[in-house]
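Here is what each chain is made of, one letter per residue.
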Amino acid sequence: MRVPAFSDELRFQSGGATRVVTFSLKARASITMGGHKADAVTWFDNGSWVTSSSYGSLSFIDDFVKAHPMKSDLGKSWELSLPQSSYLYDQKATGAVAPQGWKLTFPHVLKGKEDSSEPDEVFYEQWGTTPFADTYLTRLAENSVDQLGLGKSGGTDFLAVSYSSVDYVGHAFGPRSWEIQDISRAAG
């Protein structure tokens, strides 16, 4: 990034009173939103929430992740949120390639590899392709508002959350899939 991000400009114009916190499943989204001088830029990387040495680390993020491990979603099932008659097109979308361990039809169980009883890389790929990941991001962001008192200081604070699950779902299942219709409803 060779130019200031919106959050950098906001901080500059507030005389430094703005606090900047960003979250995403994708590094490029969190970093781009956070700019050069964010207080916290956090993204998901194969089972962990990480940041770069370019940004500060906030202990409350680690505390939240320890208190609310993603492994608690192991075994959960992504079910249709509406009756089947509410969805357009065929359930098996043309060209769809489901994440490893899943079929092209609902339900989608978060189980990881067949022989695994603990979260593994397959579980985390499945997890990122569900509304459960977006819910987790929301809770992480809400926690940061509380922990940092965002919105209560002298500046205009900037909290940015990039919900990447819809992107992962769209790439895997396609734009006409029941999965994209379902996760779009869950996000809305």
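Let me begin by describing the structure that accompanies this report. A quick note: this is a predicted structure, and the numbers were derived from the prediction, not measured. (Residues numbered from 1 in each chain as written. Predicted model: local features only at pLDDT ≥ 70, side-chain atom pairs only at ≥ 80, totals over all residues. Heavy atoms only, no water.)

Turning our attention to the overall build of the protein chain. Summing up its helical and strand segments, the protein chain has 7 helices and 6 strands in all. In sequence order, the protein chain lays out its α and β elements as α-β-α-β-β-α-β-β-α-α-β-α-α. Expressed along its principal axes, the backbone C-alpha trace of the protein chain runs to roughly 55 × 35 × 30 Å. Burial statistics for the protein chain: of 188 residues in total, 45% are counted as buried. Of the side-chain charges in the protein chain, 17 are positive and 22 negative, and the distance between the mean point of each set is 2 Å. (Helix = DSSP H or I, 4+ residues; strand = E, 2+ residues; numbered from the N terminus. Buried < 20%, exposed > 50% of the residue type's maximum accessible area, 1.4 Å probe, protein only. Lys, Arg positive; Asp, Glu negative; His and termini not counted. Charge placed at Lys NZ, Arg CZ, Asp CG, Glu CD.)

We now examine unusual backbone geometry. Generally, phi is negative for residues other than glycine and the peptide bonds are trans, each holding for most cases. Along the chain, Phe-106 connects to Pro-107 via a cis peptide bond; the corresponding omega equals 0 degrees. Take Pro-107: it is sitting in the loop between β4 (77–78) and β5 (108–109). Positive phi values are uncommon outside glycine, yet Asn-46 reaches one of about 50 degrees. Classification of Asn-46 by relative accessible area gives exposed; the value is 53%. Not every positive phi belongs to a glycine, and Tyr-89 is a case in point at roughly 70 degrees. By secondary structure assignment, the location of Tyr-89 is in the loop between β4 and β5. The class for Tyr-89 is partly exposed, based on a relative accessible area of 46%.

Here we take up the environment of Thr-22. One can find Thr-22 in strand β1 (residues 20–24). With 55 residues separating them in the primary sequence, Thr-22 and Ser-77 have C-alpha atoms 28 Å apart. Sequence-distant contacts of Thr-22, that is, excluding residues within four places in its chain, are made with Ser-30, Met-33, Gly-34, Ala-40, Val-41, Thr-42, Phe-158 and Ala-160. At 2.9 Å, the side chain of Thr-22 and the side chain of Ser-30 are in polar contact. (Contact = heavy atoms within 4.5 Å. Polar contact = N/O pair within 3.5 Å; in protein donor to acceptor, adjacent residues only side chain to side chain.)

Enumeration according to the criterion identifies 7 salt bridges in this entry. Taking the shortest distance from any N to any O, the salt bridge between Arg-19 and Asp-157 comes out at 2.7 Å. Here the residue Arg-19 occupies a position in the loop between α1 (6–13) and β1, and Asp-157 occupies one in the loop between α5 (131–148) and β6 (158–162), the gap between them amounting to 138 residues. (Salt bridge = Lys/Arg side-chain N within 4 Å of Asp/Glu carboxyl O.)

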